[in-house]
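Here are the chains, one letter per residue:
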Amino acid sequence: QVQLVESGGGLVQPGGSLRLSCAASSFTLENYALGWFRQAPGKEREGISCIASNGGSTYYADSVKGRFTISRDNAKNTVYLQMNSLEPDDTAVYICAADRWGAYLCSEDARLYDFWGQGIQVTVSS
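Residues numbered from 1 in each chain as written. Predicted model: local features only at pLDDT ≥ 70, side-chain atom pairs only at ≥ 80, totals over all residues. Heavy atoms only, no water.

Enquirer: Explain the packing of aromatic side chains here, please?
Expert: To describe a pair of aromatic rings, you give the distance between the ring centres and the angle between the ring planes. Under the counting rule described, the total for this entry stands at 6 aromatic pairs. Consider the rings of Phe27 and Tyr32, whose centres lie 5.1 Å apart with planes at 70 degrees: the pair is edge-to-face. When the ring of Phe37 is compared with that of Trp116, the centres are 4.8 Å apart and the planes differ by 50 degrees; the resulting orientation is tilted. On the criterion of sequence distance, the pair formed by Phe37 in strand E4 (residues 33-39) and Trp116 in strand E10 (residues 115-116) is long-range, its members being 79 residues apart. (Phe/Tyr/Trp six-rings, centres within 6.5 Å; stacked < 30°, edge-to-face > 60°. Helix = DSSP H or I, 4+ residues; strand = E, 2+ residues; numbered from the N terminus.)

Enquirer: Is there a simple way to explain the sheet that holds strand E3 (residues 18-25) in this structure?
Expert: Sheets are built from strands paired through backbone hydrogen bonds, the pairs being either parallel or antiparallel. Spatial ordering of the open sheet is given by E1-E3-E8-E7, a layout of 4 strands whose pairing is antiparallel. Edge positions in the sheet fall to strand E1 (3-7) and strand E7 (68-73), since each of these pairs with one other strand and no more. For this sheet, the mean angle separating the axes of adjacent strands, direction not counted, is 15 degrees. Pairing of E3 with strand E8 (residues 78-83) involves 6 bridges; the strand directions are antiparallel. Directly across from Cys22, in E8, lies its bridge partner Val79. (Pairing = 2+ DSSP bridges. Axes fitted to C-alpha atoms, helices over the stretch in contact; angles between N-to-C directions.)

Enquirer: So what exactly am I meant to see when it comes to the pattern of salt bridges here?
Expert: Side-chain pairs of opposite charge can arise where the charged atoms are in close proximity. Counted under the stated rule, the structure contains 7 salt bridges. The salt bridge involving Arg38 is made with Glu46; its shortest N-O contact spans 3.0 Å. With its nearest N and O atoms 3.3 Å apart, the salt bridge here joins Arg100 to Asp114. With a gap of 14 residues between them, Arg100 in the loop between strand E9 (92-99) and E10 and Asp114 in the loop between E9 and E10 connect regions that are remote in the sequence. A relative accessible area of 41% places Arg100 in the partly exposed class. Judged by relative accessible area, which is 29%, Asp114 ranks as partly exposed. The structure contains a network of salt bridges with shared partners spanning Arg38, Glu46, Arg67, Glu87 and Asp90. (Salt bridge = Lys/Arg side-chain N within 4 Å of Asp/Glu carboxyl O. Buried < 20%, exposed > 50% of the residue type's maximum accessible area, 1.4 Å probe, protein only.)

Enquirer: Would you mind showing me how to read unusual backbone geometry here?
Expert: Trans is the prevailing form of peptide bonds, just as negative phi is the prevailing case for residues other than glycine. Despite not being glycine, Asn77 has its phi angle at roughly 55 degrees, a positive value. With respect to the helices and strands, the residue Asn77 is situated in the loop between E7 and E8. Looking at Asn77, the relative accessible area reads 14%, which means it is buried. Unusually for a residue other than glycine, Ser85 sits at a positive phi of about 50 degrees.

Enquirer: How do you make sense of the pairing of E4 when you look at a structure like this?
Expert: Every other side chain in a regular strand lies on the same face of the sheet, so the side chains alternate between the two faces. Counted residue by residue, E4 has 6 buried out of 7 residues, so it is predominantly covered. Here E4 runs beside E9; their pairing, made up of 7 bridges, is antiparallel. Residue pairing across strands places Phe37 opposite Ile95, the latter belonging to E9. Relative to strand E5 (residues 46-51), E4 runs antiparallel, the two sharing 5 bridges. Note that in E5 the partner of Phe37 across the bridge is Gly47. Linking two consecutive strands that pair antiparallel, namely E4 and E5, is a turn of 6 residues; a positive phi of about 75 degrees is found at Gly42 within it.

Treat this as a map of the structure, not an account of what it does.
This is how it looks when you write it as structure tokens:
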């Protein structure tokens, strides 16, 4: 069974940092574009970052550009999201996803993704 499992979430003060991880079981992430999405209460799911399978292309939503960094370690079958300068508006459930067709480009469009994690809560509050 294909599984993506997120870790690293939690409670952090404004201005703080967290690093989210998303590890795959039962399949190899190397050939997939990987994306991070988030959903806050009462808001639509937002694609905030992605990275193509070859690692050469990345995307960041304006809301996180300059603060978040996506990376992948194919040897560890894991994708990361380093989140710095966190703000209360970053509070949401963060979800990773895999797109089997994203060899050279990735997309923030959730409809293109084939596999999804369960999500992990990130709360930014003092």
